[in-house]
Amino acid sequence: MKTKPYDPALLIQSDAELAQHLQDSWDSGEPSLFMTALRDAAQIKGMTYIATATGLSRSTLYRTLNGKRQPRLDTLQKIMQALEVKVSFAA
């Protein structure tokens, strides 16, 4: 049986679903899973749009979100602002 690769863009239809996808990946405790979800979110919103909104080049954005490096906090903040998602903390 032939399978197709998972493509979250086919399943995520709203900003709320996108935020939940990011939250679920964060809650997993696996940084690589969160980075994959962040890359998914950027692809759903459009890499060109995110690059323009963050002031990062597309190549820098792809390298940042490839999961092979640990991005700087300010870079993650820029990406999340461009995605229009917010981090919240609770005790």
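On a predicted model such as this, the values are computed, not experimentally measured, just so you know. (Residues numbered from 1 in each chain as written. Predicted model: local features only at pLDDT ≥ 70, side-chain atom pairs only at ≥ 80, totals over all residues. Heavy atoms only, no water.)

Undergrad: Sorry if this is basic, but what is going on with the side chain of Thr-64 here?
TA: Of note, Thr-64 is situated in helix H4 (residues 58-64). Other than its neighbours up to four places away in sequence, Thr-64 contacts Met-35, Arg-69, Pro-71, Thr-75 and Ile-79. (Helix = DSSP H or I, 4+ residues; strand = E, 2+ residues; numbered from the N terminus. Contact = heavy atoms within 4.5 Å.)

Undergrad: Before we go on, may I ask you to explain the layout of surface pockets in this structure?
TA: Where empty space is left in the structure can be found by rolling a water-sized probe over the atoms. Computed from the structure, the largest pocket encloses a volume of approximately 710 Å³. Forming the boundary of the largest pocket are 26 residues, of which Trp-26, Phe-34, Leu-76, Met-80 and Val-87 lie nearest the centre. Put simply, the parts of the chain that give the lining of the largest pocket at least two residues each are helix H1 (15-27), helix H2 (31-45) and helix H5 (73-83). In terms of residue count, H1 provides more of the lining of the largest pocket than any other element does, six residues in total. Among the residues making up the lining of the largest pocket, the classes are represented as 13 nonpolar, nine polar and four charged. (1 Å grid on protein atoms, 1.4 Å probe; cavity = no way out; pocket = protein on both sides within 12 Å on 5 of 7 lines; lining within 4 Å. Points joined across faces, edges and corners; volume = space filled by probe spheres on them. Nonpolar A, V, L, I, M, F, W, Y, C, P; charged D, E, K, R; others polar.)

Undergrad: What's the story with the nonpolar core in this structure? I'm lost.
TA: Generally speaking, nonpolar side chains in soluble globular proteins are found buried as a group. Ranked by internal contacts, the top residues of the largest apolar core, which has 21 residues, are Leu-22, Leu-38, Ile-50, Leu-61, Leu-65, Ile-79 and Leu-83. Of all the secondary-structure elements, those providing two or more residues to this core are H1, H2, helix H3 (47-54) and H5. In terms of residue count, H2 provides more of this core than any other element does, six residues in total. When residues no more than four places from it in sequence are discounted, the contact partners of Ile-50 are Ala-42, Lys-45, Leu-61, Ile-79, Ala-82 and Leu-83. (Core = buried A, V, L, I, M, F, W, Y, C linked by side-chain atoms within 4.5 Å. Buried < 20%, exposed > 50% of the residue type's maximum accessible area, 1.4 Å probe, protein only.)

Undergrad: I would appreciate a short explanation of H1 in the present structure.
TA: What sets the pattern is the α-helix's 3.6 residues per turn: residues three or four places apart point alike. An ideal rise of 1.5 Å per residue puts 18 Å on 13 residues; H1 measures up with 18 Å between its terminal C-alpha atoms. What H1 keeps buried is the set Leu-18, His-21, Leu-22 and Ser-25. The buried residues of H1 occupy an angular sector of 90° when the element is viewed end-on, so they sit on one face. Residues of H1 that are exposed and point more than 90 degrees away from the buried face comprise Ala-16 and Asp-27. (Expected span 1.5 Å × (residues − 1). Arc of directions from axis to C-beta.)

Undergrad: Hey, could you run me through the packing of aromatic side chains in this one?
TA: Aromatic ring pairs are defined here through the distance separating the ring centres and the angle between the ring planes. Per the counting criterion, the structure on display carries one aromatic pair. Here Trp-26 and Phe-34 contribute two aromatic rings whose centre-to-centre distance is 5.1 Å and whose plane-to-plane angle is 80°, an arrangement assigned as edge-to-face. (Phe/Tyr/Trp six-rings, centres within 6.5 Å; stacked < 30°, edge-to-face > 60°.)

Undergrad: Mind showing me how you'd approach the confidence of the model for the protein here?
TA: For any part of a model where pLDDT is low, the fine detail of the predicted coordinates should not be relied upon. In the predicted model, the protein carries a mean pLDDT of 89, and 100% of its residues have values of at least 70. The secondary structure element of the protein with the lowest average pLDDT is H4, at 91, and the one with the highest is H3, at 95. (pLDDT = per-residue confidence, 0-100.)

Undergrad: Quick question: what am I supposed to make of H3 here?
TA: Those residues of H3 lying buried are Met-47, Ile-50, Ala-51 and Thr-54. What you see down the axis of H3 is that its buried residues fit within an arc of 100°, all on one side. In the core, the buried residues of H3 are packed alongside H2, H4 and H5. Backbone geometry just downstream of H3 places Gly-55 in the positive-phi region, at approximately 80°.

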